[in-house]
Amino acid sequence: MEAVMTRLTGRALRLTVFVGENDTWHHKPLYSEIVHRAHAAGLAGASVFRGVEGFGASSLIHTSRLLSLSEDLPVAVVIVDTEPRVRAFLAQLDELVTEGLVTLDDCEVIRYTGQERTPGERGAKGKRSL
């Protein structure tokens, strides 16, 4: 499979999807389904961040500090690409996200260059780039 080369600089749109860690789509984590669909759609990048504490529409506070409430921590999926590409992806989120919060923010990408790498190779100084 050939790597897709993506170069993104300048104005972009950041899409953030807030869901629960235990939210699923066809018995698989919802956050994972969102990332895989973003990848299949050819978006520039996506990352998942696990929260240590938070609450949403239910008003229940979920925290990693209390064992009994640490089962469904907040998760944020962050996707960045051009505005038209991100807006086109929103239709897929309508299908996937039944409970959660989706935000859109204008942002500026300083530098992002997708490069072909050998499997397991990492970016500069051992860090993965978005």
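Coordinates for the structure precede this section.
One structure accompanies this document, and this report is about it. Bear in mind the structure is a predicted one, so any value in this text is a computation, not a measurement. (Residues numbered from 1 in each chain as written. Predicted model: local features only at pLDDT ≥ 70, side-chain atom pairs only at ≥ 80, totals over all residues. Heavy atoms only, no water.)

### Examining the pattern of salt bridges
Going through the model one piece at a time under the given rule, you end up with 8 salt bridges. A salt bridge links Arg-37 to Glu-95, with the nearest nitrogen and oxygen atoms 3.1 Å apart. On the criterion of sequence distance, the pair formed by Arg-37 in helix H1 (residues 30–40) and Glu-95 in helix H2 (residues 83–96) is long-range, its members being 58 residues apart. Judged by relative accessible area, Arg-37 falls into the buried class, the value being 15%. What emerges from the salt-bridge pattern is a single network uniting Lys-28, Glu-33, Arg-37 and Glu-95. (Salt bridge = Lys/Arg side-chain N within 4 Å of Asp/Glu carboxyl O. Helix = DSSP H or I, 4+ residues; strand = E, 2+ residues; numbered from the N terminus. Buried < 20%, exposed > 50% of the residue type's maximum accessible area, 1.4 Å probe, protein only.)

### Overview of H2
Relative to the 20 Å expected for 14 residues at 1.5 Å per residue, H2 spans 20 Å between its end C-alpha atoms, a close match to the ideal helical length. Along H2, the sharpest kink reaches roughly 30°, centred on Leu-90. Listed as buried for H2 are Val-86, Phe-89, Leu-93 and Leu-96. The inward-facing, buried residues of H2 contact strand E1 (10–20), strand E2 (24–25), H1, strand E7 (74–81) and strand E8 (101–109). (Expected span 1.5 Å × (residues − 1). Bend = angle between axes of the 7 residues up to and from the residue. Contact = heavy atoms within 4.5 Å.)

### Some words on the side chain of Asp-81
Tracing the backbone shows Asp-81 in strand E7. Residue class for Asp-81 comes out buried when judged on its relative accessible area of 4%. Reaching out from Asp-81, the side chain makes a polar contact with the side chain of Thr-82 at a distance of 3.5 Å. At 3.1 Å, the side chain of Asp-81 forms a polar contact with the side chain of Arg-85. (Polar contact = N/O pair within 3.5 Å; in protein donor to acceptor, adjacent residues only side chain to side chain.)

### A closer look at the nonpolar core
If you look at the biggest cluster of nonpolar residues, it comprises 17 residues, and the most contacted ones within it are Leu-15, Val-17, Ile-34, Ile-79, Phe-89, Leu-93 and Val-97. Contributions of two or more residues to this core are made by E1, H1, E7 and H2. Look past the residues within four positions of Phe-89 in its chain and what remains in contact with it is Leu-15, Ile-34, Arg-37, Ala-38, Ala-41, Leu-43 and Ile-79. In terms of nonpolar packing, the next biggest core, distinct from the first, is built from 7 residues, Ala-12, Ala-44, Val-78 and Cys-107 among them. (Core = buried A, V, L, I, M, F, W, Y, C linked by side-chain atoms within 4.5 Å.)

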